[in-house]
Amino acid sequence: MKLVLASKNAKKLKEMNEILSGMGVEVCLQADAGVDVDVEETGSTFEENSLLKARAVMEASGLAAIADDSGLCVDALNGAPGVFSARYGGEGLDDAGRYRLLLSNMPRGQARTAKFVSAIACCFPNGDVLTARGECPGTIAFAPMGEGGFGYDPVFFLPKLKKTFAQLSPEEKNAISHRGLALQAFQAELEKYLNR
Ligand code: IMP
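Since the structure is predicted, the reported quantities are computational estimates derived from the model, not experimental observations.

**Some points on the overall build of the protein chain**
At step 1: Of regular secondary structure, the protein chain possesses five helices and seven strands.
At step 2: Secondary structure elements of the protein chain, listed N to C terminal, follow the sequence β-α-β-α-β-α-β-β-β-β-α-α.
At step 3: For the protein chain, the C-alpha radius of gyration of 17 Å lies close to 16 Å, the compact-globule estimate for 196 residues.
At step 4: Taking the principal axes of the C-alpha coordinates as reference, the protein chain spans close to 50 × 30 × 25 Å.
At step 5: Per-residue burial over the protein chain gives 48% buried out of 196 residues.
At step 6: Restricting to contacts in the protein chain with at least 6 residues of sequence separation, those with at least 24 account for 59%.
At step 7: Accessible surface for the protein chain amounts to roughly 9,600 Å². Of this, 53% is attributable to carbon and sulfur atoms.
At step 8: Placing the 21 positive and 25 negative side-chain charges of the protein chain at their respective mean positions leaves the two points 6 Å apart.

In structure tokens:
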């Protein structure tokens, strides 16, 4: 089965395929399905945004489409950057610029607890919708560590492992990450759906 990913992020595609290929599902980028849509993420929750993206790409491609909306929620920042994680600090910043800004915005002397959240939506041309959610708790490191992953990975610290996401192998990250957990939950939903 083929699913079109409502994203231009090749690293997200890789993480999805690493998990879903085990059940015979192949995910491709929207560009590979001949679709070029830029969906405005106007929702106030990860769930709303993932549904907006999956529905738009399903409608444009005529194929089943999957979307992940994800982000980092920091307790001391009242849940920010949250659904604005990709746009934190405005258009001009790259990944490193965004995590540096986050580090500089962390209030001193407060708990540094945070969580990554991923909401997945999959829209089928017949109108059916599957959803799943995953969360990964951690803390915000005092300085970036590690070279792997993307986005805020170098500053997202896992106290039990004493490493940031960026210091994990892809397999280690997938086993515990918000997206990995959401994809596992999605996989279970998809199996139920296909065998109904
Ligand atoms: P989305 O593409 O709208 O879901 O944007 C999610 C944003 O959240 C990304 O651009 C990253 O900044 C951040 N993010 C989501 N998942 C991860 C992750 O696994 N590691 C690091 N940053 C992430």
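Let us keep going from here.
**Some points on the packing of aromatic side chains**
At step 1: In the structure shown here, the tally under the stated rule is four aromatic pairs.
At step 2: An aromatic cluster of at least three residues, connected via ring pairs, comprises Phe-116, Phe-156 and Phe-165.
At step 3: The cationic tip of Arg-112 hangs over the ring face of Phe-142; the distance from NZ or CZ to the ring centre is 3.9 Å.
At step 4: Over the face of the ring belonging to Tyr-193 we find Arg-196, whose NZ or CZ atom lies 4.1 Å from the ring centre.

**Considering the state of the cysteines**
At step 1: Counting across every chain of the model gives zero disulfides.
At step 2: Cysteine Cys-136 remains unbridged, with the sulfur of Cys-73 as its closest cysteine sulfur at 12 Å.
At step 3: Here Cys-136 falls in the buried class, since its relative accessible area comes to 3%.

**Description of the environment of Asp-32**
At step 1: Looking at the secondary structure, you find Asp-32 in the loop between β2 (26–29) and α2 (46–61).
At step 2: Look at Asp-32 and you get exposed, because its relative accessible area is 61%.
At step 3: Measuring from C-alpha to C-alpha, the distance between Asp-32 and Val-4 comes to 8.3 Å, with 28 residues separating the pair along the chain.

**A short note on the packing of helix α1 (residues 10–20) against helix α5 (residues 178–194)**
At step 1: Put simply, α1 and α5 touch, their axes get as near as 10 Å, and they point 45 degrees apart. Viewed along their axes, α1 and α5 adopt a mutual orientation that is oblique. Classified by chirality, the crossing of α5 by α1 is right-handed. Of the residues in α5, those in contact with Lys-12, Glu-15, Met-16, Ile-19 and Leu-20 of α1 are Arg-179, Gly-180, Leu-183, Phe-186 and Gln-187.
At step 2: For the contact of α1 with α5, the residue count by class is five nonpolar, two polar and three charged.

**Structural notes on the pairing of β2**
At step 1: Sheet topology places strand β1 (residues 2–5) next to β2; four bridges connect them, and they run parallel. Paired with Leu-5 across the bridge in β2 is Leu-29.
At step 2: Tracing the backbone out of β1, into α1 and back to the parallel element β2 gives a crossover that is right-handed.

**What to know about the environment of Arg-100**
At step 1: Mapped onto the elements of the fold, Arg-100 is located in helix α3 (residues 95–105).
At step 2: With relative accessibility at 53%, the residue Arg-100 sits in the exposed group.
At step 3: Each C-alpha atom, one on Arg-100 and one on Gly-146, is 14 Å from the other, the two residues being 46 residues apart in sequence.

What counts, and where the lines are drawn
- Residues numbered from 1 in each chain as written.
- Predicted model: local features only at pLDDT ≥ 70, side-chain atom pairs only at ≥ 80, totals over all residues.
- Heavy atoms only, no water.
- Helix = DSSP H or I, 4+ residues; strand = E, 2+ residues; numbered from the N terminus.
- Rg over C-alpha atoms; globule rule 2.2 N^0.38 Å.
- Buried < 20%, exposed > 50% of the residue type's maximum accessible area, 1.4 Å probe, protein only.
- Contact = heavy atoms within 4.5 Å.
- Areas by Shrake-Rupley, 256 points an atom, 1.4 Å probe, with all protein chains shown as cover.
- Lys, Arg positive; Asp, Glu negative; His and termini not counted.
- Charge placed at Lys NZ, Arg CZ, Asp CG, Glu CD.
- Phe/Tyr/Trp six-rings, centres within 6.5 Å; stacked < 30°, edge-to-face > 60°.
- Lys NZ or Arg CZ within 6 Å of the ring centre and 35° of its normal.
- Disulfide = S-S within 2.5 Å.
- Axes fitted to C-alpha atoms, helices over the stretch in contact; angles between N-to-C directions.
- Parallel < 35°, antiparallel > 145°, perpendicular 65-115°, else oblique.
- Left-handed = near helix turned anticlockwise from the far one by under 90°.
- Nonpolar A, V, L, I, M, F, W, Y, C, P; charged D, E, K, R; others polar.
- Pairing = 2+ DSSP bridges.
- Right-handed = clockwise from strand over helix to strand, strands pointing away.

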